Amino acid sequence: MEIAYFNGSFLSRDQIHISPDDRGFLFADGVYEVARWYEGFIYDMEGHMARLMRSLKEVRIEWDDADSFPAVAMELIVRNNLNDKPSLIYLQVTRGAAKRSHAFPSPPIPPTVYAFARGFNPEKEMISSGINVILHEDTRWSRCDIKSVSLLPNILSFQEARDSGSFECIFVRDGMITECAHSNVFFVLDGILNTHPLSEKVLAGITRKNILRLARESGITISETALPASSLGDISEAFVTNTSFEIAPVISIDGKIVGKGKPGPVTRLLREKFDAEILALKG
Ligand code: PLP
């Protein structure tokens, strides 16, 4: 029986009922977080907390107990017997349930808070052999820095990638590469590691932040600048990052082979550094 968290209580999932008037359901008026449990610790929970607080602030949702997220996450791991399993913890906070109106409920109502933890199988083969991706116009809104549950453009673009046998899609806005449907993207160009700078055009990925730190520590030159899609022919490596698959090498973009068509040296080095960090944190 799966135990989830709902508005302050830990309940069996089938005991949870969310109002049809919930603004998450009616307007996608909410934000979320996804953190990873590594059989002993949650990776960079401080980073996830900081991003959650920022998302809540930007959309003006007040969740008085936001500080409880780390404890809720741990409790979900324990209550679902996930201690020894790679798992993801999902948290969603919406503006609550109220009669449908674009305006915020007045007087304010409590948010709806839902969280669950589930074990998953890390896609090791894909991570080691690399993935195919497509390019897609960035059809999202102009506040991609907020981790909003409103993900329709991401979902539609992602499904196009999947329908064409690809794993992810790289978004292009005004000719420049931003990020992917559910990951950040990095390139190696002339030996320099490149990724889009933090701005309203990309999500501040927790993995992105940590990969940049590991790259810096490894003496890799970094450039946080937007790459024109027209420069893709010149790159020697590409990889995408997110909390669940960490680092996935990209071996083709729109059917064109990247570099030698296999994970390149910078990608492999960063993968090794990331794995070593996880091992060290496991103690
Ligand atoms: N960009 C988008 C649009 C995402 O949805 C995600 C994760 O879901 C990321 C980037 C990567 O973020 P993180 O590394 O924190 O998982």
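Everything quoted here is computed from the prediction, not taken from an experiment.

## Focus: helix 3 (residues 69-79)
Turning to step 1, where the next piece is worked out: Listed as buried for helix 3 are Phe 69, Val 72, Ala 73, Leu 76 and Ile 77. Projected onto a plane normal to the axis of helix 3, the buried residues spread over an arc of 140 degrees and lie on a single side.
Turning to step 2, where the next piece is worked out: The secondary structure elements touched by the buried residues of helix 3 are strand 1 (3-6), strand 2 (9-12), strand 3 (30-37), helix 2 (45-59), strand 4 (87-94) and strand 5 (112-119).
Turning to step 3, where the next piece is worked out: Among the residues trailing helix 3, Asn 81 stands out with phi positive, at a value near 55 degrees.

## Looking at a nonpolar patch on the surface
Turning to step 1, where the next piece is worked out: Among the surface-exposed residues, Leu 152, Ile 155 and Leu 156 lie close enough to one another that they form a single nonpolar patch of about 310 Å² accessible area.
Turning to step 2, where the next piece is worked out: Structurally, the position occupied by Ile 155 is in helix 5 (residues 152-163).

## Section: the pattern of salt bridges
Turning to step 1, where the next piece is worked out: Considering all chains together, one arrives at 22 salt bridges under this definition.
Turning to step 2, where the next piece is worked out: Among the salt bridges present, the one from Arg 95 reaches Asp 29, with a minimum N-O distance of 2.7 Å. One end of the pair, Arg 95, is in the loop between strand 4 and strand 5; the other, Asp 29, is in the loop between helix 1 (23-27) and strand 3, with 66 residues separating them in the sequence. Across the pair, exposure class does not vary: Arg 95 and Asp 29 are buried alike.
Turning to step 3, where the next piece is worked out: One salt-bridge network, in which partners are shared between bridges, spans Arg 54, Glu 58, Arg 143, Asp 145 and Glu 200.

## Here's the deal with the site of the ligand
Turning to step 1, where the next piece is worked out: The ligand sits among 18 residues. The nearest are Arg 51, Glu 179, Ile 206, Thr 207 and Thr 243.
Turning to step 2, where the next piece is worked out: Interatomic distance of 2.8 Å between a side-chain N/O atom of Arg 51 and an oxygen atom of the ligand.
Turning to step 3, where the next piece is worked out: In this structure, a nitrogen atom belonging to the ligand sits 2.6 Å away from a side-chain N or O atom of Glu 179.
Turning to step 4, where the next piece is worked out: If the ligand stood free it would expose 380 Å²; the protein chains cover 92% of that surface.
Turning to step 5, where the next piece is worked out: At the level of secondary structure, the elements contributing two or more residues to the shell around the ligand comprise strand 8 (176-180), helix 6 (206-217) and strand 12 (237-242).

## Let's talk about the domain arrangement of the protein
Turning to step 1, where the next piece is worked out: Partitioning the protein into domains gives domain 1 (3-120) and domain 2 (125-282).
Turning to step 2, where the next piece is worked out: Just the C-alpha atoms count here: the centres of domain 1 and domain 2 sit 26 Å apart.
Turning to step 3, where the next piece is worked out: Contact residues are listed per partner, giving 24 residues for domain 1 and 23 residues for domain 2.
Turning to step 4, where the next piece is worked out: Summing the contributions of domain 1 and of domain 2, the shared interface buries around 2,000 Å²; its carbon and sulfur component is 59%.
Turning to step 5, where the next piece is worked out: Three residues stand out in domain 1 for area buried against domain 2, namely Tyr 32, Tyr 43 and Arg 51, and they jointly supply 32% of the buried area on that side.
Turning to step 6, where the next piece is worked out: The tally of links from domain 1 across to domain 2 stands at 5 salt bridges.

## Concerning the side chain of Ser 252
Turning to step 1, where the next piece is worked out: Along the chain, Ser 252 falls in strand 13 (residues 246-253).
Turning to step 2, where the next piece is worked out: At a separation of 2.9 Å, a polar atom in the side chain of Ser 252 contacts the side chain of Asn 132.

## Digging into the packing of helix 2 against helix 3
Packed helices, taken two at a time, are described by the angle their axes make and the gap between the axes.
Turning to step 1, where the next piece is worked out: Look at helix 2 against helix 3: their axes get within 10 Å of each other, and the N-to-C directions meet at 125 degrees. By the criterion of interaxial angle, the relationship of helix 2 to helix 3 is oblique. Of the residues in helix 3, those touching helix 2 at Met 45, His 48, Met 49 and Leu 52 are Phe 69, Pro 70 and Ala 73.
Turning to step 2, where the next piece is worked out: A breakdown of the residues in the contact of helix 2 with helix 3 according to their chemical character gives 6 nonpolar, 1 polar and no charged.

Thresholds, definitions, all that
- Residue positions are given per chain, counted from 1 along the sequence in the order it is written.
- Restriction of local features to residues with pLDDT of at least 70 applies here, the model being predicted, together with a cutoff of 80 or more for giving and counting side-chain atom pairs; totals for whole chains, interfaces and linings are based on all residues.
- Working from all heavy atoms in the structure, the side-chain values ignore hydrogens and water.
- To sort residues, take the accessible area from a 1.4 Å probe on protein chains only and compare it with the maximum for the residue type: under 20% means buried, over 50% means exposed, and anything in between is partly exposed.
- Runs of E in the DSSP output that reach at least two residues are strands. Runs of H or I that reach at least four are helices, and both are numbered from the N terminus.
- Directions drawn from the helix axis to the C-beta atoms are what define this arc.
- We call two residues contacting when some pair of their heavy atoms lies within 4.5 Å.
- A patch consists of residues exposed above 30% relative accessible area that lack any salt bridge, with like charges linked at up to 9 Å and nonpolar side chains (Val, Leu, Ile, Met, Phe, Trp, Tyr) linked at up to 5 Å.
- Note on areas: these come from Shrake-Rupley sampling with a 1.4 Å probe, and a residue is covered only by the protein chains present in the view.
- Definition used for salt bridges: Asp or Glu carboxyl oxygen within 4 Å of a side-chain nitrogen of Lys or Arg.
- Nearness of a residue to a molecule or strand requires only that one of the residue's heavy atoms be within 4 Å of it.
- Polar contacts, as counted here, are pairs of nitrogen or oxygen atoms within 3.5 Å of one another; within protein the pair requires one atom able to donate a hydrogen and one able to accept it, and residues that are adjacent in sequence qualify only if both atoms are side-chain atoms.
- Domain delimitation in this document rests on an assignment produced automatically or drawn from a domain database.
- A simple way to read buried area is as the amount of 1.4 Å-probe accessible surface that goes missing from two parts once joined, with both sides added.
- Every axis in this analysis is a line fitted to C-alpha atoms, fitted for helices over the stretch in contact. Angles between the N-to-C directions lie between 0 and 180 degrees.
- For classification, angles of less than 35 degrees are called roughly parallel, those exceeding 145 degrees roughly antiparallel, those between 65 and 115 degrees roughly perpendicular, and all remaining angles oblique.
- Under this grouping Gly is polar, as are all residues other than the nonpolar Ala, Val, Leu, Ile, Met, Phe, Trp, Tyr, Cys and Pro and the charged Asp, Glu, Lys and Arg.

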